[in-house]
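# Topology and contacts: notes
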Amino acid sequence: MESRESLSILALLLGFSQALYLDQPEHVDITSRILTINNGSRELLLEGDILLPRGRNALVCSDSSCFWKKSSNGLVEVPYTLSSVFSFSDRTVIANAMASFHNKTCIRFVPKTNQTDYLSIESQDGCFSDVGRSGGAQVVSLSRSGCVYYGIIEHELIHALGFHHEHTRSDRDKYVKINWANIDPTTQSNFKLKNTNNLNTPYDYSSVMHYGRTAFSINGLDTITPIPDPSVKIGQRKELSAIDILRINTLYKC
């Protein structure tokens, strides 16, 4: 009887923690939340949440050294460590976000054993990550002061897998208009196009990696406008899109 009662309590705790961290305000998209949390961060961040790269563009990688390696079983194992500062609830949300990759791709986030390259998931000054596998212990920061949300965790983990923001992909200008007058000149570099491998996948307005309309706005007006239909929704707040999943599976040959 006690065992059944304990399981019931655990199930309630899991359900509560999921509800708590999935319940984000409907009007707040993932990237807007990240940019707000990272405002004033002591880290040098590109595009709001990317650690300053070490001399290479992760998504265009001639020798695959910046991607995680596939095992003989066909799975791509990404080792990680998790800081002890995260609470039970935090760990549950992080595990749920990782499971979304396990359920839909061949990516498997696995606890580190003796691997040299791994993700060190910590609560530092904001939400941020490297792009791709950078070698050694690479930090994925999920500050407990606002980053431990399902969609934000997915967003930062996708960076770690090798993907940039959608609005900076090489063919961006065919699909969105950047309103430079609404962007502070000191932050315009956050909209610089990248030499990306788009993997023959369509531009994805619904990507969890797409900035919201007013990212880095100095006047509250749109900095990004979809074209030709300006009413298309961008900057979602929920989870991996179908094309996000397709792109991961394509890149890693799942």
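Notes on the structure in this doc start here. (Residues numbered from 1 in each chain as written. Predicted model: local features only at pLDDT ≥ 70, side-chain atom pairs only at ≥ 80, totals over all residues. Heavy atoms only, no water.)

## Regarding the environment of Pro 202
Keep this limit in mind: Helix numbers and strand numbers start at the N terminus; a helix is a DSSP run of H or I with at least 4 residues, a strand a run of E with at least 2. In this analysis, two residues are considered to be in contact whenever any of their non-hydrogen atoms come within 4.5 Å of each other.
With respect to the element layout, Pro 202 can be found in the loop between strand E8 (176–178) and strand E9 (224–226). For the pair Pro 202 and Asp 171, spaced 31 residues apart in sequence, the C-alpha to C-alpha distance is 9.8 Å. Discounting residues that sit within four places of it in the chain, Pro 202 has contacts with Glu 166, Arg 169, Ile 243 and Arg 247.

## Some points on the nonpolar core
In a soluble, globular protein the nonpolar side chains are often hidden away together inside. What counts, and what does not: To define a nonpolar core, start from buried Ala, Val, Leu, Ile, Met, Phe, Trp, Tyr and Cys residues and group those joined through side-chain atoms within 4.5 Å. Type-normalised accessible area, obtained with a 1.4 Å probe on protein chains alone, sets the label of each residue: buried when under 20%, exposed when over 50%, and partly exposed for intermediate values.
Of all hydrophobic cores here, the largest spans 40 residues; its most connected members are Phe 101, Ile 107, Phe 109, Leu 119, Leu 161 and Tyr 252. If you list the elements that add at least two residues to this core, you get strand E3 (76–82), helix H3 (88–104), strand E4 (107–111), strand E5 (118–122), strand E7 (137–142), helix H4 (150–161) and helix H5 (242–251). When residues of this core are assigned to their parent elements, the largest contribution, seven residues, is made by H4. Residue contacts for Ile 107: discarding those within four places in its chain leaves Val 76, Val 78, Phe 101, His 102, Leu 161, Ile 248 and Tyr 252. Core analysis: the next-biggest nonpolar cluster, separate from the first, contains 10 residues, Tyr 203, Tyr 205, Ala 215 and Ile 234 among them.

## Describing the pairing of E4
Threshold: A pair of strands is treated as paired once DSSP finds two or more bridges between them. By convention a crossover is right-handed if, when the strands point away from the viewer, the path from the first strand over the helix to the second runs clockwise.
Pairing of E3 with E4, which is carried by five bridges, proceeds in the parallel orientation. For Glu 77, the partnering residue across the bridge sits in E4 and is Arg 108. With H3 bridging E3 and its parallel neighbour E4, the resulting β-α-β unit is right-handed.

## A look at the sheet that holds E4
Here we have five strands laid out as an open sheet, ordered E4-E3-E5-E7-E6, and mixed in their pairing. Edge positions in the sheet fall to E4 and strand E6 (127–128), since each has one partner strand and no second. Examined bridge by bridge, E6 and E7 share two bridges and lie antiparallel to one another. Residue pairing across strands places Cys 127 opposite Leu 142, the latter belonging to E7.

## Topic: the packing of H3 against H4
As a reminder, the rule being used: For helices, the axis comes from a line fit to the C-alpha atoms of the stretch in contact; other axes are also lines fit to C-alpha atoms, and the angle between any two N-to-C directions lies between 0 and 180 degrees. Angles are sorted into four bins: roughly parallel if under 35 degrees, roughly antiparallel if over 145, roughly perpendicular if 65 to 115, and oblique for all others. Take the far helix as your reference; a near helix turned counterclockwise from it by less than a right angle gives a left-handed crossing, and one turned clockwise gives a right-handed crossing. Each residue is assigned to one of three groups, with Ala, Val, Leu, Ile, Met, Phe, Trp, Tyr, Cys and Pro labelled nonpolar, Asp, Glu, Lys and Arg labelled charged, and all others, Gly among them, labelled polar.
Two elements in contact, H3 and H4, have axes whose closest approach is 9 Å; the angle formed by their N-to-C orientations is 55°. Here H3 lies oblique to H4, going by the angle between them. As H3 packs across H4, the resulting crossing turns out to be right-handed. On H4, the residues that touch Val 93, Ile 94, Asn 96, Ala 97, Met 98, Ser 100 and Phe 101 of H3 are Tyr 150, Ile 153, Glu 154, Leu 157, Ile 158 and Leu 161. Partitioning the contact of H3 with H4 into residue classes produces 10 nonpolar, two polar and one charged.

Scope: geometric values only; no functional claims are made or implied.
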